[in-house]
Amino acid sequence: MSACDRFCDADPSGIRLRAAIIPPMNAYHRRYCRSAKWARQLEETVLPWVIRDYDLGADVLEIGPGPGLATDLLRARYPRLTCIEIDEKLATSLKERLGGTNVEVHQGDATAMLFPDGSFSGAIAMTMLHHVPSAELQDRLLAETFRVLRPGGVFAGSDSTVNLKFRLVHLFDTMVVVDPGPFARRLEAAGFVDVAVREGKGAFRFRAKKPA
Ligand SMILES: C[S@@+](CC[C@H](N)C(=O)[O-])C[C@H]1O[C@@H](n2cnc3c(N)ncnc32)[C@H](O)[C@@H]1O
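Reading the values: rules and limits
- Residues numbered from 1 in each chain as written.
- Predicted model: local features only at pLDDT ≥ 70, side-chain atom pairs only at ≥ 80, totals over all residues.
- Helix = DSSP H or I, 4+ residues; strand = E, 2+ residues; numbered from the N terminus.
- Buried ≥ 20, exposed ≤ 12 C-beta atoms within 10 Å, placed from the backbone.
- Contact = placed C-beta atoms within 7 Å.
- pLDDT = per-residue confidence, 0-100.
- Pairing = 2+ DSSP bridges.
- Axes fitted to C-alpha atoms, helices over the stretch in contact; angles between N-to-C directions.
- Near = placed C-beta within 6 Å.
- Right-handed = clockwise from strand over helix to strand, strands pointing away.

Engineer: Is there a simple way to explain the overall build of the protein chain in this structure?
Structural biologist: For the protein chain, the count of helices and strands is nine helices and seven strands. Buried positions account for 39% of the 212 residues belonging to the protein chain. In the protein chain, once contacts between residues fewer than 6 apart in sequence are set aside, the share between residues at least 24 apart is 65%.

Engineer: I keep staring at the confidence of the model for the protein chain and nothing clicks. Help me out?
Structural biologist: The predicted structure's coordinates, where accompanied by low pLDDT, should not be read in detail. Per-residue confidence for the protein chain averages 87 on the pLDDT scale, and 84% of its residues sit at or above 70. Here residues 1–15 is a poorly scored stretch, pLDDT under 50, and it has 21 contacts once near neighbours within four places are set aside; other chains count.

Engineer: Looking at this model, I keep getting lost on the sheet that holds strand 1 (residues 59–63). Mind explaining?
Structural biologist: Here seven strands make up an open sheet; going across it, the order is 3-2-1-4-5-7-6 and the pairing mixed. Each edge of the open sheet is held by one strand with a lone partner, namely strand 3 (103–107) and strand 6 (193–200). Averaged over neighbouring strand pairs, the angle between their axes works out to 15° when direction is ignored. Of the strand pairs in this sheet, strand 2 (residues 80–85) and strand 3 are connected by five bridges, and their pairing is parallel. Its bridge partner being in strand 3, Glu85 is matched across the sheet by Gln107. Strands in contact with helix 7 (residues 135–148) are strand 1, strand 4 (120–126) and strand 5 (149–160); relative to strand 5, the strand with the most contacts, it is inclined by about 145°.

Engineer: Looking at this structure, I do not really get the site of the ligand. What am I missing?
Structural biologist: In the neighbourhood of the ligand, 23 residues make up the surrounding shell, with Gly64, Gly66, Ala110, Met126 and Met128 lying closest. Of all the elements in the fold, those that place two or more residues in the shell around the ligand are helix 5 (69–75) and strand 2.

Engineer: Explain unusual backbone geometry here, please?
Structural biologist: Even without being glycine, Thr127 reaches a positive phi, approximately 40°. With respect to the helices and strands, the residue Thr127 is situated in the loop between strand 4 and helix 7. Its identity is not glycine, yet Asp194 carries a phi of approximately 50°, on the positive side.

Engineer: In this structure, what is going on with the pairing of strand 5? I would like to understand it.
Structural biologist: As a general feature of sheets, a regular strand has side chains that alternate between the two faces. As paired elements, strand 4 and strand 5 share six bridges and run parallel to each other. Looking across to strand 5, one finds that Phe120 is bridged to Leu149. Note that the unit made of strand 4, helix 7 and strand 5 has a crossover that is right-handed. As defined by bridge partners, strand 5 adjoins strand 7 (residues 203–209) across seven bridges and the pair is classed as antiparallel. Counted as the bridge partner of Phe155 is Ala208 from strand 7.

Engineer: Would you take a moment to explain the pairing of strand 2 for this structure?
Structural biologist: Examined bridge by bridge, strand 1 and strand 2 share five bridges and lie parallel to one another. When the bridges of strand 2 are listed, Asp59 appears paired with Arg80. The β-α-β motif built from strand 1, the intervening helix 5 and the parallel element strand 2 has right-handed crossover chirality. As a crossover connection, the stretch from strand 2 through helix 6 (residues 88–97) into strand 3 is right-handed.

Engineer: Just to check I follow, could you spell out the environment of Val50 for this structure?
Structural biologist: Structurally, the position occupied by Val50 is in helix 4 (residues 36–51). Given 23 C-beta atoms within a 10 Å radius, Val50 is considered buried. Remark: the alpha-carbon pair of Val50 and Ile124, spanning 74 residues in sequence, is separated by 9.0 Å. In this structure Val50 touches Met126, Ala156, Gly157, Ser158 and Arg205, once residues within four positions along its chain are discounted.

In structure tokens:
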């Protein structure tokens, strides 16, 4: 049994301690997630592709904001944005940077959220699911997102599909790739309806709704 397994066994979800032992992102990846290149890509390509046609409402939850490049775009679009980020340093610096704005940042694990049922009109998870370290925990995150959405609430997001560059960026990172093929069924198993999964170049996007 590795040290990680031992520590993770002591945590009911495993993920918090795992995150403390294996940083979810390596140094290169952390730099990329705050780079001007990624900011441009998010603004011009990724985010419009994800939220086009979908109304997330006025109370939006962002799961796994990292340094907050998508947060900056989302907060200009939605009146209230709540972020949940598992990495303590990232959560703290985002909280400091966006203090006094329409964004509330919580350090926490999206597979076991403390928000009451039905807190949000919409939720978004941008390129974060593959950082959740097992398919079971990813499914728990989907179920938790379903729980904290109001009836009729929309969950939208994107994730990368696997290729050589993606593998290299994730050396020594958590990387549990989400297969877009069965992903619609996983969203439905969490309770979502009107599920759509679309594949694009190097990524897929999804949209799903909590029944009204
Ligand atoms: C690749 S970054 C993406 C950051 C941002 N969404 C973007 O697209 O630029 C993934 C983020 O998800 C966070 N994360 C991973 N597992 C999480 C969990 N269980 N709960 C909340 N955040 C999590 C990581 O700490 C990391 O900041």
